[in-house]
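Listed below, chain by chain, are the residues.
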Amino acid sequence: MKSIVVANWKMNPATFKEAKKLFEATRKAAESAKNVAIVVAPPAIFLRELSVGYKGKRLSFAVQNAHYEAGGAFTGEVSMSEARDAKCSSVIIGHAERRGMGESNEDTRKKVAVALAIGLTPVLCVGERTRSQSGEHFEFVREQLVAGFADVPPAKIPRVVIAYEPVWAIGAERPMNARDMHEMAIFIRKTIVDRYGQGGMNLKILYGGSIDESNAGEMMRNGDVNGLLVGRVSTDAAKFTALVSVLDAL
Ligand code: PEP
């Protein structure tokens, strides 16, 4: 099965000219990597122009965030149908940075349900802020998962992609240990199966947090994940290309 890479550009780059250049490098990386499915999440203001100009099939688009309401008085927001109309096939929901700006589990619950209802793939981000020996982080992640899946019809459970991103490993020096990711992947599936049924066994799970070409192979081999969500490296054309070739060669 193909490895998935979500390239979360966040609020980068500063100009559309640079975005086009970065997209061109991302497109080339995608075209030469048969075994990798790349999902690009540019800033919303650049999205449509990049997506309508792309004629290939190797790459798809995600919006970094979208509102659960269909439209109305929500200044500064983008709706899921607007994202779909701009040729997005996925939406990132509950990224740690959005949660840090006030997005709640209740918001993610509504967003996941709306995304599925209109045919977008929700990439639901979960992850604890800190870890301690007592294992409280499992309960924290469980609550995020239970909320995010609360309104998902059983048949659609396998269509949700989970991005486990421990906040302490985002923008850090190194990622989480792959063995710990493996343990978390088992926990995530078990949580969904126990609460929402067998569809949880077929969930796709991504890891995110300080991934680059030097550590991606180890995470993919031993972390029990289907792919990676990448921040910084996704906006550096050379590093991203190197990362994609590591995944392609697995
Ligand atoms: C992220 O913000 O989701 C992320 C994974 O960032 P980075 O790769 O820069 O740690």
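Up top you'll find the structure we're talking about.
(A) Seen up close, the packing of aromatic side chains. What the rule picks out here adds up to six aromatic pairs. On the basis of an interplanar angle of 90° and a centroid distance of 5.9 Å, the ring pair of Phe23 and Tyr54 is categorised as edge-to-face. Here Phe23 is found in helix H1 (residues 16–31), whereas its partner Tyr54 is found in the loop between helix H2 (44–53) and strand S3 (59–63), with 31 residues between them in sequence. What makes Phe23 buried here is its relative accessible area of 6%. Classification of Tyr54 as buried rests on a relative accessible area of 10%. Ring centres of Tyr54 and Phe61 lie 6.3 Å apart, and the angle between their planes is 70°; on these two criteria the pair is classed as edge-to-face. The class for Phe61 is buried, based on a relative accessible area of 3%. Taken together, the ring pairs connect Phe23, Tyr54 and Phe61 into an aromatic cluster.

(B) Up close: the pattern of salt bridges. One pass over the structure, following the stated rule, counts eleven salt bridges. Glu106 serves as the salt-bridge partner of Arg109, at 2.5 Å between the closest nitrogen and oxygen. Here Glu106 and Arg109 lie together in helix H5 (residues 105–118), a separation of three residues that amounts to about one turn. With its nearest N and O atoms 3.0 Å apart, the salt bridge here joins Arg189 to Asp224. Remark: Asp224 occurs in the loop between helix H8 (216–222) and strand S8 (227–230) and Arg189 occurs in helix H7 (residues 178–196); sequence separation between them is 35 residues. Taken together, the shared-partner salt bridges in this structure form one network comprising Glu106, Arg109 and Asp151.

(C) Highlighting the nonpolar core. Residues Phe149, Ile162, Met181 and Tyr207 are the most contacted members of the largest nonpolar core, which totals 66 residues. Looking at this core element by element, the count peaks at seven residues for H7. Non-local contacts of Met181, meaning those with residues more than four positions away in its chain, are made with Tyr164, Met176, Ile205, Tyr207, Met219, Gly223 and Val225. In this structure, Val39, Ala62, Ile92 and Cys125 belong to the second largest nonpolar core, which totals twelve residues.

(D) Looking closely at the pairing of S8. On S8, burial covers both faces: Gly227 and Leu229 on one face and Leu228 and Val230 on the other are all buried. Note: strand S1 (residues 3–8) against S8, four bridges, orientation parallel. Counted as the bridge partner of Val6 is Leu229 from S8. Relative to S8, strand S7 (residues 204–208) runs parallel, the two sharing three bridges. Bridge pairing in S8 links Gly208 to Leu229.

Criteria and thresholds
All residue numbers here refer to positions counted from 1 along the written sequence of the relevant chain. Reporting in this predicted model follows two pLDDT cut-offs: at least 70 for local features of residues, and 80 or more for side-chain atom pairs to be given and counted; totals over whole chains, interfaces and linings ignore these cut-offs and use all residues. Neither water nor hydrogens contribute to the side-chain values; these are computed over all heavy atoms in the structure. Ring pairs shown here join Phe, Tyr and Trp side chains whose ring centres sit within 6.5 Å, with only the six-membered ring taken for Trp; geometry is labelled stacked below 30 degrees between planes, edge-to-face above 60, and tilted in between. Only DSSP runs of H or I reaching four residues or more are called helices, and only runs of E reaching two or more are called strands; each is numbered from the N terminus. Three labels apply to residues, based on accessible area from a 1.4 Å probe with only protein chains included: buried if under 20% of the type maximum, exposed if over 50%, partly exposed otherwise in between. Each reported salt bridge corresponds to a side-chain nitrogen of Lys or Arg within 4 Å of a carboxyl oxygen of Asp or Glu. We call a set of buried Ala, Val, Leu, Ile, Met, Phe, Trp, Tyr and Cys residues a nonpolar core when their side-chain atoms join them within 4.5 Å. Any two residues whose heavy atoms approach within 4.5 Å are treated as being in contact. Here, strands pair whenever DSSP counts at least two bridges between them.

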